[in-house]
Amino acid sequence: MRLPDRFVAACVEPAWDLRETGGRRLAAWRELQRRQWDAPAAVEVRRRAALAAIVRHAAATTPFHAGRFAAAGLDPLAVRDIADLARLPVLTKDDLRAGGEALFSRAVPRGELVAAKTGGSTGVALQIWCDRAGVERRAGAALLADTWSGWRIGQPVAAAWGNPPVPRTARQRLRAWARERILFLDTMRIDAAAIAAFAAGWTRLRPGLLFGHAHSLFILAEALEGRGLAPPPRGIVATSMMLLRPEREVIERVFGVPVTNRYGCEELGLIACECERHGGMHLSAETVWVEVLRDDGSPCAPGEDGRLVVTDLVNRGQPLLRYEVGDRGALAPDPCPCGRGWPLLATLTGRLADFLLALDGSRVAGISLIENTLTRLPGIRQLQLVQAERGAVVANLVPAASWSEVTARALAAALRDALGAGLRVEIRTVERIAQEPSGKYRFSICRVPS
Ligand SMILES: [Zn+2]
């Protein structure tokens, strides 16, 4: 039996939230739903206050941050704006690995902390902890971002995901049936039978949202080309950070719905998400403060690409001040015409670690290179660039019917054009681009030590 969406939204969701989070998740969602329409000036006042509060909390209760403020000669009580933190060094993943006990706030009991694990670009796992109130505030922000896609709370959801969780206990099964109502496509095992089962499940459950890693959604779209899903979803949310333009076009054509691109990470939760205008991603300004920095540490001008450094405004358990998240992007010069007061991230250029290294030592955004190549050259369905040494690149490529030697030569020429005339290019045709153990995909991988 399928529960009516309105009943789930009005009764099941609030009851579940009350039981699981004390009602905090939906309360955060409601508050953010109102606040998203506040004028930029009001947003600014509020986030400065949140910044000042988390800085005071971090410096007063966390030995690591207390030491950093002292070493920088910076009075935490004097911090009123992000620029006041400029003297505080950026917090790296290595700092977090080495920091141990000193990173935890003494004001938050251990039982109040929830762990998030991340692989990190070096492959060494990193564990970050956040207090429960912070986790629920992030969840409320993510929920709001999901509704920007057109989906409404209470509507079932379908997810294209690697290794999806399978409900095992009676309690988990009840939760899956009554509240989550999720249909999964396990992207680790996609074949004709799995796609047929997913399409049949879709017609039965009628999800309002299709959700997943960008490339998994693309693979699903390709398999459903000419058929789509019936009925179509209200919204599609792509969560893996790199949504390639050519893949986005295929997803939108097949399902007939715009893709809502979302950016976040395990350590911080939601960082930014597109609204219904799709002209950039609104920063989750009530939960994170994002700085875009040049290599010398000075702030980038709007539109200028730089390193993303994030201060978490909600995590009181393990405060993260000026955390180098490892990605690059640029802020938009103008506010979004939708009227929301949260600033816009104009572009996300990719993982810092995955910029390819040109022969002259400069860094090239592999994702842009792939997007341009896919758009311009015929005969390439999917493309992944892997660089193990400075002078060579391996192109793993899924060919389309029109693939030919002409395209192979043009691809090699395009790569040499971007990375240097002496570049060795090896083209390997493959059946599919391999997934990371996490289920995510990476299109541009640089393994040259920096
Ligand atoms: Zn907007």
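Above this text you will find the structure in question.
Residues numbered from 1 in each chain as written. Predicted model: local features only at pLDDT ≥ 70, side-chain atom pairs only at ≥ 80, totals over all residues. Heavy atoms only, no water.

Participant: Describe the sheet that holds strand E9 (residues 281–283), naming the residues involved and giving the relevant values.
Facilitator: Strand order across the open sheet formed by 11 strands is E4-E3-E5-E6-E7-E8-E9-E13-E12-E11-E10, with mixed pairing between neighbours. Every other strand in the sheet has two partners, leaving strand E4 (182–186) and strand E10 (288–293) as the edge strands with one partner each. The sheet shows a mean angle of 35° between the axes of neighbouring strands, direction not considered. Bridging between strand E8 (residues 269–274) and E9 involves three bridges; their strand directions are antiparallel. If you follow Cys273 over to E9, its bridge partner there is His282. With respect to the sheet, helix H8 (residues 192–205) is in contact with strand E3 (157–161), E4 and strand E5 (209–212), its orientation differing from that of E4 by roughly 170°. On the sheet, helix H10 (residues 245–255) packs against E5, strand E6 (235–238), strand E7 (259–265) and E8 and is oriented at approximately 130° with respect to E7. (Pairing = 2+ DSSP bridges. Helix = DSSP H or I, 4+ residues; strand = E, 2+ residues; numbered from the N terminus. Axes fitted to C-alpha atoms, helices over the stretch in contact; angles between N-to-C directions. Contact = heavy atoms within 4.5 Å.)

Participant: Can you tell me about the environment of Gly326, naming the residues and giving the values?
Facilitator: Mapped onto the fold, Gly326 is located in strand E12 (residues 323–331). Residues Gly326 and Pro302 lie 24 residues apart in sequence; the distance between their C-alpha atoms is 19 Å. If near-sequence neighbours (up to four positions away) are discounted, Gly326 is found in contact with Lys93, Leu308, Gly350, Arg351, Leu352 and Ala353.

Participant: Which residues make up the coordination of the zinc ion, and what are the values?
Facilitator: Only Cys275 (SG), His282 (NE2), Cys336 (SG) and Cys338 (SG) from the protein reach the zinc ion as donors, at distances of 2.1 to 2.3 Å. The site at the zinc ion holds four donor atoms, and with the angles between them running 100 to 118°, its shape is tetrahedral. Site description for the zinc ion: donor spacing in sequence, C-x6-H-x53-C-x1-C. (Donors = N, O, S within 2.8 Å, 3.2 Å for Na, K, Ca; no water. Tetrahedral: all angles 85-135°; square planar, octahedral: opposite > 155°, others 65-115°.)

Participant: Please provide a residue-by-residue account of a nonpolar patch on the surface, values included.
Facilitator: A cluster of nonpolar side chains, namely Met1, Leu174 and Trp177, defines an oily patch on the protein surface of about 380 Å² accessible area. Here Leu174 lies in helix H7 (residues 170–180). Residue Leu174 is classed as partly exposed on the basis of its relative accessible area, which comes to 47%. (Patch = residues over 30% accessible without salt bridge, like charges linked within 9 Å, V, L, I, M, F, W, Y side chains within 5 Å. Areas by Shrake-Rupley, 256 points an atom, 1.4 Å probe, with all protein chains shown as cover. Salt bridge = Lys/Arg side-chain N within 4 Å of Asp/Glu carboxyl O. Buried < 20%, exposed > 50% of the residue type's maximum accessible area, 1.4 Å probe, protein only.)

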